[in-house]
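# Architecture at a glance
For reference, the chains in residue letters:
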There are 2 protein chains.
Amino acid sequence: MNGLNDGPSEQVMRRQASPSGPAESEGGLPEQAWTLLFELLHTHMRNFPALAAEFELSPVQAHVLRQLGEGALAMSTLANYLSCDASNVTGLVDRLEARGLVERKSSEQDRRVKMLVLTEAGAELRGRLMARLSAPPPLIAAMPDEDLAALRDIMRRALKTQ
Amino acid sequence: MNGLNDGPSEQVMRRQASPSGPAESEGGLPEQAWTLLFELLHTHMRNFPALAAEFELSPVQAHVLRQLGEGALAMSTLANYLSCDASNVTGLVDRLEARGLVERKSSEQDRRVKMLVLTEAGAELRGRLMARLSAPPPLIAAMPDEDLAALRDIMRRALKTQ
DNA sequence: TATTGTTATACTCTATAACTATA
DNA sequence: TATAGTTATAGAGTATAACAATA
């Protein structure tokens, strides 16, 4: 188990929206919209370790599995993706390899490079992880269809323009 | 420095949208909308350690400062908020206290409890951190006003209903 | 010479378990 | 007895620095 208190024994002291950001009414339109998204975002970030722990993965390991689904990746590319030093990736991959989730394959073109690929077990675990990650959180699930469609269209445009 | 490669010496190998989730067209409206938001979310999550490092904070320390801005918090409440064991909070607060950012104050009502408050320096740092966190990311900043207003209104409704 | 990955070392974050001081 | 916080210990994530193999 990882990243969680077991019991619901706590006095929760729930807070209203925006426990952190500036008043939502401040700033221009981008700030107003972002401040609200920020809420959802940080709630999700807070829950991510617990979500990864459901699969007995650390948050970083979950990121690695997520990324590795796209195909083979050089260790250095992974280090870059994770914004961490290459020396970390060695240990990170050691542990994933020990669990039989990934494999190192030496590159033929450049024998310094080691490519990472998911094992069958790794791909299976990744599939379950991705399904879990892709399940809309309650706040999204509760939205009316009209808002969901608008949100989808807005995000489609934004990601396309990017 | 923390959580970052220094140079832009890497071959970036950028990917298109959705490096992870299921096809965006799958599922119902909630899944479609969520899959797109998911993209933005994980990009933000990936950058969070680097962002915290700009203030020489670990990601967790940044979360603590963010949360502590709302007022005094018992150590146990903070542990609950962070979804971590109480024993971690001791060390976490030790380090923040050593840097002069927070203070422990014994509660008068229950002398077992220690309340955490920001010092003046802590409040100042938190202010700069929050300003940085609240700055809309490029993807949001580039949205047309019409989409921003719609997004804001949708999120307002969602957070209110919650 | 420069780059890829490893090893060595040190610090932070995390968990569990045993302890203390209060309640 | 139960709870809030600490201490002790161990494993994982992170950084820097030095290194081997390869380019």
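Quick notes on the rules
- Residues numbered from 1 in each chain as written.
- Chains lettered and ligands numbered in written order.
- Predicted model: local features only at pLDDT ≥ 70, side-chain atom pairs only at ≥ 80, totals over all residues.
- Heavy atoms only, no water.
- Helix = DSSP H or I, 4+ residues; strand = E, 2+ residues; numbered from the N terminus.
- Buried < 20%, exposed > 50% of the residue type's maximum accessible area, 1.4 Å probe, protein only.
- Contact = heavy atoms within 4.5 Å.
- Salt bridge = Lys/Arg side-chain N within 4 Å of Asp/Glu carboxyl O.
- Least-squares fit on C-alpha atoms with pLDDT ≥ 70 in both.
- Pairing = 2+ DSSP bridges.
- Axes fitted to C-alpha atoms, helices over the stretch in contact; angles between N-to-C directions.
- Near = heavy atom within 4 Å.
- Polar contact = N/O pair within 3.5 Å; in protein donor to acceptor, adjacent residues only side chain to side chain.
- Nonpolar A, V, L, I, M, F, W, Y, C, P; charged D, E, K, R; others polar.

### Looking at the overall build of chain A
When you go through chain A residue by residue, the secondary structure sums to 7 helices and 3 strands. Shown N-terminal to C-terminal, the secondary structure of chain A runs as helices and strands in the order α-α-β-α-α-β-β-α-α-α. Across the 162 residues of chain A, 45% fall into the buried class. Of all intrachain contacts in chain A linking residues separated by at least 6 positions in sequence, the fraction that spans at least 24 positions is 46%.

### Digging into the pattern of salt bridges
All names here are of chain B. Under the definition given, this model contains 18 salt bridges over all chains. The partner of aspartate 94 in a salt bridge is arginine 104, with the nearest N and O atoms 2.9 Å apart. Of this pair, aspartate 94 sits in helix 4 (residues 86–98) while arginine 104 is found in strand 2 (residues 102–106), placing the two residues 10 residues apart along the sequence. Overall, the relative accessible area of 39% leaves aspartate 94 in the partly exposed class. Of the charged contacts, one joins aspartate 153 and arginine 152 as a salt bridge, the two residues approaching to 3.2 Å between their closest N and O atoms.

### As for the relation of the copies chain A and chain B
Each copy superposes on the other: chain A lies on chain B with an RMSD of 0.1 Å after a rotation of 180° and an axial shift of 0.0 Å. Given the turn and translation reported, the copies of this chain are related as if by a two-fold rotation axis. When you check the interface residues of chain A against chain B, 98% turn up at the interface there too, and the contact is symmetric in its surfaces.

### Overview of the sheet that holds strand 1 (residues 73–74) of chain B
All names here are of chain B. Within the open sheet, the 3 strands sit side by side as 1-3-2. Their pairing is antiparallel. Either end of the sheet is taken by a strand with one partner, and the two such strands are strand 1 and strand 2. Where strand 2 lies against strand 3 (residues 114–118), 5 bridges are found, and the strand directions are antiparallel. In the sheet register, serine 106 faces strand 3, and the bridge partner there is lysine 114. Sheet strands in contact with helix 4 are strand 2 and strand 3, and its direction is about 120° off that of strand 2.

### Observations regarding the protein's contact with DNA strand D
Looking at DNA strand D, there are 26 residues lining it, with Ser58, Asn88 and Arg95 of chain A together with Met75 and Ser76 of chain B nearest. Sugar plus phosphate, as a fraction of atoms of DNA strand D within 4 Å of the protein: 68%. Threonine 90 of chain B is positioned such that a nitrogen or oxygen atom in its side chain is 2.7 Å from a phosphate oxygen of DNA strand D. Within the contact set of DNA strand D, a phosphate oxygen lies 2.7 Å away from a backbone nitrogen or oxygen of lysine 114 of chain B. Ranked by the residues each element gives to the surface near DNA strand D, the list is headed by helix 4 (residues 86–98) of chain A, at 4 residues. Here the residues of the surface near DNA strand D sort into 8 nonpolar, 10 polar and 8 charged.

### A few points about the protein's contact with DNA strand C
Around DNA strand C sit 25 residues in total, of which Ser76 and Lys114 of chain A together with Ser58, Asn88 and Arg95 of chain B are the nearest. Atoms of DNA strand C within 4 Å of the protein: sugar and phosphate make up 66%, bases the balance. Contact between DNA strand C and arginine 104 of chain A: a phosphate oxygen at 3.1 Å from a side-chain N or O atom of the residue. With respect to DNA strand C, the backbone of arginine 111 of chain B contributes an N or O atom lying 3.0 Å from a phosphate oxygen. Among the secondary structure elements, those contributing two or more residues to the surface near DNA strand C are helix 3 (75–81) and helix 4 of chain A together with helix 2 (59–68) and helix 4 of chain B. Considering every element that reaches the surface near DNA strand C, the biggest residue donor is helix 4 of chain B, with 4 residues. Looking at side-chain class alone, the surface near DNA strand C contains 7 nonpolar, 10 polar and 8 charged residues.

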